[in-house]
Amino acid sequence: NRVLGQPVSEKRYLVFAEEKNFQKADDQTFPSATLRLSAWEDSCSIVNTDGRLVVSPGDGPWWGCGLEVYSDGIGEDLRRFRSGRLHFEIRGSFTKPFDIGFQTGVYTANTQASYAIRFNDKTPFNLSPEWLSHSVLISDMGEGIDLADVTTLLYLRGLDGNGEGQIELRNVSYSQGQE
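Residues numbered from 1 in each chain as written. Predicted model: local features only at pLDDT ≥ 70, side-chain atom pairs only at ≥ 80, totals over all residues. Heavy atoms only, no water.

S.K.: Summarise the packing of aromatic side chains; cite the residues concerned and give the values.
M.R.: Scanning all chains against the criterion turns up 10 aromatic pairs. Their ring planes at 15° and their centres at 5.3 Å tell us that Phe98 and Phe119 sit as a pair that is stacked. Of this pair, Phe98 sits in strand 8 (residues 98–104) while Phe119 sits in strand 9 (residues 113–119); the two residues are 21 residues apart in sequence, bridging distant segments of the chain. When sorted by exposure, Phe98 lands in the same class as Phe119, which is buried. When the centroid spacing of 6.1 Å and the interplanar angle of 75° are considered together, the rings of Phe102 and Tyr174 count as edge-to-face. Of the two residues, Phe102 sits in strand 8 while Tyr174 sits in strand 12 (residues 167–175), which places them 72 residues apart along the sequence. For the residue pair Phe102 and Tyr174, the accessibility class agrees, reading buried in each case. (Phe/Tyr/Trp six-rings, centres within 6.5 Å; stacked < 30°, edge-to-face > 60°. Helix = DSSP H or I, 4+ residues; strand = E, 2+ residues; numbered from the N terminus. Buried < 20%, exposed > 50% of the residue type's maximum accessible area, 1.4 Å probe, protein only.)

Right, here's the structure in full:
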């Protein structure tokens, strides 16, 4: 039983997953604390529907949401995942560019940093009506990443919502190494 702030030593860290899609194994674990779905400043909606995270971007100048560790500013220590990957399945009808990634630190303490990849912006990552699996190298998500205090295990953010379309995610996990 690990507590927040202690290093995660298992090879796979399951953030949001349908139990039926993962075999029980000693080398995987779930978050150390309760996670909360947070729509930042009510700029969008994020709900858990039948094992899927469903995000509906708002129509303001920006939108964002996250799957956050519910704690007093202490995040998960994922340093052993530095050379690993973020895995997820995604589909949707949203057509504007948006980021998907994770955050470290605390916004109100001015220590928060965001690391992400871009979707729908002439990149290899685009939404489709069909489920697509992605396995993204952590090192491709930014420079100088310190995984000692991951407070938002998954976030989505865009600069133009237009209030149209949805984004769905499932089976979100981190893995150590290049697997």
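The discussion continues.
S.K.: Please set out unusual backbone geometry residue by residue, giving values where relevant.
M.R.: Backbone geometry places Glu41, a non-glycine residue, at a positive phi of 50°. With respect to the element layout, Glu41 can be found in the loop between strand 3 (35–39) and strand 4 (44–49). In this structure Glu41 comes out as exposed when scored by relative accessible area, which is 67%. Phi at Asp50 takes a positive value of approximately 50°, unusual for a residue other than glycine. Among the secondary structure elements, Asp50 is positioned in the loop between strand 4 and strand 5 (52–57).

S.K.: Please provide a residue-by-residue account of the environment of Arg157, values included.
M.R.: One can find Arg157 in strand 11 (residues 150–158). Among all residues touching Arg157, those that are not within four sequence positions of it are Trp40, Trp63, Gly64, Phe98, Asp99, Gln103 and Ser114. Side-chain polar atoms of Arg157 contact the side chain of Tyr155, separated by 3.4 Å. (Contact = heavy atoms within 4.5 Å. Polar contact = N/O pair within 3.5 Å; in protein donor to acceptor, adjacent residues only side chain to side chain.)

S.K.: A description of the side chain of Gln176 should follow, citing residues and the corresponding values.
M.R.: By the secondary structure assignment, Gln176 is in the segment after strand 12. Of note is the side chain of Gln176, whose polar atom sits 2.8 Å from the backbone oxygen of Glu10. Not counting residues within four places of it along the chain, the set of residues in contact with Gln176 comprises Val8, Ser9, Glu10, Lys11, Arg80, Phe81 and Gly84.

S.K.: Residue-level account of the sheet that holds strand 9, with values.
M.R.: With antiparallel pairing, 5 strands are arranged side by side in an open sheet as 3-6-11-8-9. Of all strands in the sheet, those bounded by a partner on one side alone are strand 3 and strand 9. Averaged over all pairs of adjacent strands, the angle between their axes in this sheet comes to 15°, without regard to strand direction. Here strand 3 pairs with strand 6 (residues 63–69) via 5 bridges, running antiparallel. (Pairing = 2+ DSSP bridges. Axes fitted to C-alpha atoms, helices over the stretch in contact; angles between N-to-C directions.)

S.K.: Just give me the short version of the pattern of salt bridges, but keep the residues and values in it.
M.R.: By the definition in use, this model includes 10 salt bridges. The partner of Glu10 in a salt bridge is Arg2, and the shortest N-O contact between them spans 3.4 Å. Grouping residues by exposure puts Glu10 and Arg2 together as buried. Measuring nitrogen to oxygen at the nearest pair gives 3.9 Å for the salt bridge that ties Asp99 to Arg157. Remark: Arg157 occurs in strand 11 and Asp99 occurs in strand 8; sequence separation between them is 58 residues. Within the structure, one salt-bridge network assembled from shared partners comprises Asp99, Arg118, Asp121 and Arg157. (Salt bridge = Lys/Arg side-chain N within 4 Å of Asp/Glu carboxyl O.)

S.K.: Could you give an account of the nonpolar core, with specific residues and numbers?
M.R.: Counting residues in hydrophobic clusters, the biggest one holds 40 residues, and the most contacted among them are Phe88, Leu156 and Ile167. Residues in contact with Ile167, not counting those within four places in the same chain, are Leu53, Val54, Val55, Pro57, Trp63, Ile90, Arg91, Gly92, Phe94, Phe98, Leu127 and Leu156. (Core = buried A, V, L, I, M, F, W, Y, C linked by side-chain atoms within 4.5 Å.)

S.K.: Residue-level account of the side chain of Thr29, with values.
M.R.: The topology assignment puts Thr29 in strand 2 (residues 28–29). Note on Thr29: relative accessible area 13%, which makes it buried. Apart from the residues lying within four places of it in its own chain, the contact partners of Thr29 are Arg2, Val8, Glu10, Arg12, Tyr13 and Leu14.

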